[in-house]
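Chain by chain, the residues run as shown.
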Amino acid sequence: MALRLFDTYTRSLREFKPLQLPEVRLYTCGPTVYDYAHIGNLRTYIFEDILRRVLEFNNYPVRHVMNITDVGHLTSDADTGEDKMEKGSRRTGMTAWQLAEFYAQAFKQDLQRLNIQEPTLWCKATDHIAEQIAFIQCIEANGYTYRTFDGIYFDTSRLPNYGYMARLNIEGLQAGARVEMGEKRNSTDFALWKFSSPGERRQMEWSSPWGVGFPGWHIECSTMSAEYLGTFFDIHCGGEDHIAVHHTNEIAQTEACHGTRLANFWMHGYFLQLDEQKMAKSTGGFLRLQTLLDRGYDPLAYRMFALSAHYRAKLNFTWESLDGAATALNRLRTAIYEWGSPGDGPAGQVDTGYAQRFLEQVNDDLNMPRAMALVWDLVKSDLAPAVKRATVLYFDRVLGLSLAEWKPVAEALPPEVLALVSQRQQARKEKRYKDADALRMQVSAAGFEIEDTPQGPRVHQRK
Ligand code: AMP
Ligand code: ZN
């Protein structure tokens, strides 16, 4: 069963074949570390994790590179506004460097909680300034740059194919943007290097052949992907918002310097929405993974929720659907647990018929909703429990729900703790989350931890 993936560049499903084995080379745009990731961002990282796991399920070793944007991402994608890191530094009182370290660690913790595999290699923009300068010099030597009062810009009119992936209507954009263009020659031109403003003392700035300043946001990905994966590699991913600007500009830079179109496949995860609106840090309407944990959800319930939609469909977040995912996850965990551990009796064999159908679903452009439907079909089937268990655990290599590790916890509780737990249940029911949090703290002070499950709270002694 061939693996077929949707390629945004050609807008078609294409059969995936590695460019050059032994490895599939995958680059995924990483976080801008000026704040916590929101669960929308995390939806994209779950999609990319599923992609990687499906490649591995097809027996392709994957070399996965993810960058950390710790400089140069401005508050507006049009190269205006402030650097998000400098702004974040003012907001928090940390230095821009501390801020980057702090949020990069928080991000890695989120990935771990969601069972998202770490990339083979992390790379930070600020660790690759000299390489980015060299890349810009390469673009300059080929005649694609010009200078304005605030930076070195890429002249997009020099690339006939500019904007192809996003199917940009260049003339329309040009006509609509005359006023805000400043010294830019074309509305789609973008900064490769920005100068520090006169009189401004940035925390992150470097000297360059053009003057003191910092790299534009897009150049880091062209530079670091070339450095660690080569100038033409297998798959490049990100969220759908990257299609029109960030990835379009990465493609332009790489074409201008290396003459290649960067990646063989371009894949994009669609947005998570909150109340049918895009979830974005800039609008303030966003939820962190920690918010879900504070309300008693298991982080893997969020992963389960993300698996309920195809990555190329928008997904609306509601607490009710998260509850549904938590219930489903627990049903699955309980079923697997009850089918026995490999220690009890002979281990089952993976059912080849189901395995084949599962492969068909995941290889059909990562159709996880259909793959999950197959899992439920298997749960209800009359196969031997040991076979069901072995088969679902085999699928879990792709699902990433840690199904083998889960165990129910049952312990006797002191009556006063029991009373606090039931008061907290009541508070939660009435959506008095502050009271519920306070009661959780009291339970914690008594030496117990509450784990919320769809069957009700489970309480165990604190480790
Ligand atoms: P950022 O940290 O803003 O650079 O974004 C990190 C990743 O999250 C990028 O791949 C974005 O495309 C993606 N992203 C941003 N907002 C959302 C959202 N609401 N739903 C899904 N992915 C998103
Ligand atoms: Zn990128």
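Residues numbered from 1 in each chain as written. Chains lettered and ligands numbered in written order. Predicted model: local features only at pLDDT ≥ 70, side-chain atom pairs only at ≥ 80, totals over all residues. Heavy atoms only, no water.

Q: Let's hear about the coordination of the zinc ion (ligand 2): which residues, and what values?
A: Protein-derived ligands of the zinc ion (ligand 2) are C29 (SG), C221 (SG), H246 (NE2) and E250 (OE), with the metal-ligand distances lying across 2.1 to 2.7 Å. Coordination at the zinc ion (ligand 2) is irregular, judged from the four donor atoms that bind it and the angles of 74 to 130° they form at the metal. Spacing between the donor residues of the zinc ion (ligand 2) along the chain follows C-x191-C-x24-H-x3-E. Pair noted here: C221 is in helix 6 (residues 219-229) and H246 is in helix 7 (residues 243-258), with a separation of 25 residues, a long-range link. Here C221 and H246 have matching classes, each one buried. (Donors = N, O, S within 2.8 Å, 3.2 Å for Na, K, Ca; no water. Tetrahedral: all angles 85-135°; square planar, octahedral: opposite > 155°, others 65-115°. Helix = DSSP H or I, 4+ residues; strand = E, 2+ residues; numbered from the N terminus. Buried < 20%, exposed > 50% of the residue type's maximum accessible area, 1.4 Å probe, protein only.)

Q: Which residues make up the packing of aromatic side chains, and what values do they have?
A: What characterises a pair of aromatic rings is the spacing of the ring centres plus the angle enclosed by the ring planes. For the coordinates displayed, the defined rule picks out 24 aromatic pairs. Note on Y36 and F102: the rings are 6.1 Å apart at their centroids and 65° apart in plane angle, and the pair reads as edge-to-face. Of the two residues, Y36 is situated in the loop between strand 3 (24-28) and helix 1 (39-57) and F102 in helix 3 (residues 96-113); the sequence distance between them amounts to 66 residues. When its relative accessible area of 36% is taken as the criterion, F102 is described as partly exposed. Where F102 meets Y103, the ring centres are 4.9 Å apart and the plane angle is 85°; that geometry is what we call edge-to-face. By way of ring pairs, the aromatic residues Y297, Y302, F305, F317 and W319 are connected into one cluster. R312 extends its terminal NZ or CZ atom over the ring of F6, reaching a point 3.9 Å from the ring centre. A cation over a ring is seen here: R357 above Y354, with NZ or CZ 5.1 Å from the ring centre. (Phe/Tyr/Trp six-rings, centres within 6.5 Å; stacked < 30°, edge-to-face > 60°. Lys NZ or Arg CZ within 6 Å of the ring centre and 35° of its normal.)

Q: I'd like to hear about empty space enclosed by the protein, residue by residue, with values.
A: Overall, the coordinates contain four cavities of 30 Å³ or more when judged by the stated rule. Put simply, the largest cavity is a space of about 130 Å³. I46, F47, A306, A309 and Y311 are, among the 14 residues lining the largest cavity, the residues nearest its centre. For the lining of the largest cavity, the secondary-structure elements that each account for two or more residues are helix 1 and helix 9 (299-307). Considered class by class, the residues forming the lining of the largest cavity number 10 nonpolar, three polar and one charged. Two domains each donate at least three residues to the lining of the largest cavity, and these are domain 1 (4-269) and domain 2 (283-405). The space that makes up the second largest cavity amounts to roughly 80 Å³. Around the second largest cavity sit Y9, L159, N161, Y162, G163, Y164, M165, T248, I251, A252 and E255, which together line it. Among the residues making up the lining of the second largest cavity, the classes are represented as seven nonpolar, three polar and one charged. (1 Å grid on protein atoms, 1.4 Å probe; cavity = no way out; pocket = protein on both sides within 12 Å on 5 of 7 lines; lining within 4 Å. Points joined across faces, edges and corners; volume = space filled by probe spheres on them. Nonpolar A, V, L, I, M, F, W, Y, C, P; charged D, E, K, R; others polar. Domains from an automatic or database assignment.)

Q: Any chance you could break down the layout of surface pockets for me, citing the residues and the numbers?
A: Taken as a whole, the largest pocket encloses approximately 860 Å³ of empty space. The wall of the largest pocket is formed by 35 residues, among which Y34, N41, H73, K84 and D241 lie closest to the centre. Secondary structure elements with two or more residues in the lining of the largest pocket: helix 1, helix 2 (84-92) and strand 10 (232-239). For the lining of the largest pocket, a count of residues per class yields 11 nonpolar, 16 polar and eight charged.

Q: I'd love a proper account of the domain arrangement of the chain, names of residues and values included.
A: Its domain assignment divides the chain into domain 1 (4-269), domain 2 (283-405) and domain 3 (415-461). Here the C-alpha centroids of domain 1 and domain 2 sit 32 Å apart. Counting residues at the interface gives 30 residues for domain 1 and 37 residues for domain 2. At the boundary of domain 1 with domain 2, total buried surface from both sides reaches about 2,900 Å², with 62% on carbon and sulfur atoms. Ranking the residues of domain 1 by area buried against domain 2 places I39, R43 and F57 at the top, with a combined share of 28%. Here domain 1 and domain 2 share two salt bridges between them. Among the salt bridges present, the one from K314 reaches E240, with a minimum N-O distance of 2.7 Å. Counting across the interface, domain 1 meets domain 2 through 16 residue pairs in polar contact (both at pLDDT 80 or more). Only strand 1 (4-7), helix 1, helix 3 and strand 11 (262-269) provide two or more residues apiece to the side of domain 1 that touches domain 2. (Contact = heavy atoms within 4.5 Å. Buried area = accessible area lost by both parts, 1.4 Å probe. Salt bridge = Lys/Arg side-chain N within 4 Å of Asp/Glu carboxyl O. Polar contact = N/O pair within 3.5 Å; in protein donor to acceptor, adjacent residues only side chain to side chain.)

Q: Give a detailed account of the site of ligand 1, specifying residues and quantitative values.
A: Of all residues adjacent to ligand 1, which total 17 residues, the nearest are G40, T44, D241, L272 and M279. G239 has a polar backbone atom sitting 3.0 Å from an oxygen atom of ligand 1. Protein burial of ligand 1: of its 490 Å² of free accessible surface, 94% is covered by the chains. Under a 2 Å grid-point criterion requiring more than half of the atoms, the pocket assigned to ligand 1 is the largest pocket. (Near = heavy atom within 4 Å. Areas by Shrake-Rupley, 256 points an atom, 1.4 Å probe, with all protein chains shown as cover. Sits in = over half its atoms within 2 Å of the grid points.)

Q: So, the pattern of salt bridges: which residues are in play, and what are the values?
A: Under the criterion given, the structure shown has 20 salt bridges. Residue R52 is joined to E56 by a salt bridge in which the shortest nitrogen-to-oxygen separation is 3.2 Å. Linking R52 with E56, this pair stays in helix 1, spanning four residues, or about one helical turn. The class of R52 is buried, set by a relative accessible area of 9%. The residue D150 makes a salt bridge to K194 at a minimum N-O spacing of 3.3 Å. Remark: K194 occurs in strand 8 (residues 190-195) and D150 occurs in the loop between strand 6 (145-148) and strand 7 (151-154); sequence separation between them is 44 residues. In this pair, the class of D150 matches that of K194, namely buried.

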